[in-house]
Amino acid sequence: MLDFVYYPVSGILWIWHTIFGSVLGPDNGITWALAVVFLVFTLRLALYKPFVRQIRTQLTMKKLQPEIKALQKKYQGDRAKQASEMQKLQKEHGFNPLLGCLPLLAQAPVFIGLLHVLRSFNRTATGFGQLGMSAQDNANTPNYFFGVDDVQSFLDARLFGAPISAAISSSQDTLDSFAPFGGVPTVVTIALVAIPLMVMASVATHFNARASIARQDDVARSNPQTAMMNRLMLWVFPVGVLVGGPVLPIAVLLYWVSNNIWTYAQQHLVYRRIDEEDARAAHEERASKPEVRVTAPKPGAKPKRRR
C-alpha cells in the first residue's frame, strides 16, 4: 500500500550500502550503519530549503503576533471576519502556516518506510502485521530494492556483535532466525548496543528542544499552551525515546540519533545565518537614513537666538 514510500527509502539505502560496501565490505555492520546514517543525511539535505522556510515562517509569525492579537480583539464576536482578516494579513506578509509543518510531515513517511524496510529483512516473526516466514524462505526473498544476496548480507552483518535489524524486545523466534547468519544473538548483546543509542537519542532530543525554546521571547514562554508544549519537548519526548527504544531496531535508533544530531547542527547554522542577515539589513537601513548633524556653539560663544 505504501510502496511509493518503501521503494525510494530502500533505493537510497541501497545506494549508500553499495558505496560504503565497496570500501568496507558489503557484510560489514559499519557499512549498514553508515548507509542508514547517510539515508538520514540525504533526506535532511533535500529538506534544507523547506527547513529554512519553516524557520522564517516561525519568525514571521512571531513578528505578526501584535497584529494578530489586535485582529482577534477587534473581531472577537465575528469568527468569519476574524479568519478573513487573518488570511489577508498572512497573504500580505507571504506567510504560509503549512510551511511550518512540511519538514516534519516529510520525515514521518520516511521513518515509517525505514522501519518497514528494516523489519522486512527479517520476516520470521509472528503476530499482528508479521509474515511468520521460515528462516530459509526469508533469506531467499528479496526486500524491495535489495536482492537475495543483500538480504543475506544484512542478516550476516553485526554492529558490535548485534544485528542492526534486531531490537531488545525481539522475540526468540526472530533471534533464532539469525542462526545461519553469524549465530543467534543474545538480548544482552543487543542491549549493549541499543541502550547507549537510546540514551544518545534521548539527550539529543532534549538539547534540540532547549535550542528551540531558547529562541522564544518572554511573551511566548508566558503563554500557558506554549509553556506546556515546552515541558513536553524538554522532558516527556526524551523520556518517550527511552521508553519506546526497546521495541525499535538498532538501525532505527541509529536513524533517530543521526537525525537529531543533524537537526541540532542545522538549527544553529540556520539561525546564525538569519541573525547575520537581519543584522546586515538593520545596518544597511541605518546607513540609508540621512545623518542629522547638530552644530553646537563654540566654547565661550553665545548661542544665537531666533527673533
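Below or above, wherever it landed, is the structure these notes cover.

Calculation notes
Residues numbered from 1 in each chain as written. Predicted model: local features only at pLDDT ≥ 70, side-chain atom pairs only at ≥ 80, totals over all residues. Heavy atoms only, no water. Patch = residues over 30% accessible without salt bridge, like charges linked within 9 Å, V, L, I, M, F, W, Y side chains within 5 Å. Areas by Shrake-Rupley, 256 points an atom, 1.4 Å probe, with all protein chains shown as cover. Salt bridge = Lys/Arg side-chain N within 4 Å of Asp/Glu carboxyl O. Helix = DSSP H or I, 4+ residues; strand = E, 2+ residues; numbered from the N terminus. Buried < 20%, exposed > 50% of the residue type's maximum accessible area, 1.4 Å probe, protein only. Expected span 1.5 Å × (residues − 1). Bend = angle between axes of the 7 residues up to and from the residue. Axes fitted to C-alpha atoms, helices over the stretch in contact; angles between N-to-C directions. Parallel < 35°, antiparallel > 145°, perpendicular 65-115°, else oblique. Contact = heavy atoms within 4.5 Å. Nonpolar A, V, L, I, M, F, W, Y, C, P; charged D, E, K, R; others polar.

## Digging into a nonpolar patch on the surface
- Taken together, the side chains of Ile195, Val199, Val203, Phe207, Leu242 and Tyr264 define a hydrophobic patch exposed on the protein surface, amounting to about 490 Å² of accessible area.
- Of all the elements, helix H9 (residues 187-214) adds the most residues to the nonpolar patch, at 4 residues.
- Topologically, Leu242 is positioned in helix H11 (residues 224-244).
- Looking at Leu242, the relative accessible area reads 36%, which means it is partly exposed.

## A word on helix H3 (residues 48-74)
- Between its terminal C-alpha atoms H3 stretches 38 Å, which fits the 39 Å expected from 27 residues at 1.5 Å a residue.
- Remark: the principal bend of H3, roughly 50°, maps to Gln65, with a proline, Pro66, within the next four residues.

## A short note on the packing of H9 against H11
- Between H9 and H11, the least distance of the axes is 8 Å, while the angle of their chain directions is 170°. If you check the angle between H9 and H11, you find them roughly antiparallel. Packed against H9, whose contacting residues are Met198, Val199, Ala201, Ser202, Thr205, His206, Ala209, Arg210 and Ile213, the element H11 presents Asn230, Met233, Leu234, Trp235, Phe237, Pro238, Val239, Val241 and Leu242 at the interface.
- Class assignment of the residues belonging to the contact of H9 with H11 gives a composition of 13 nonpolar, 4 polar and 1 charged.

Coordinates in, geometry out; function isn't part of it.
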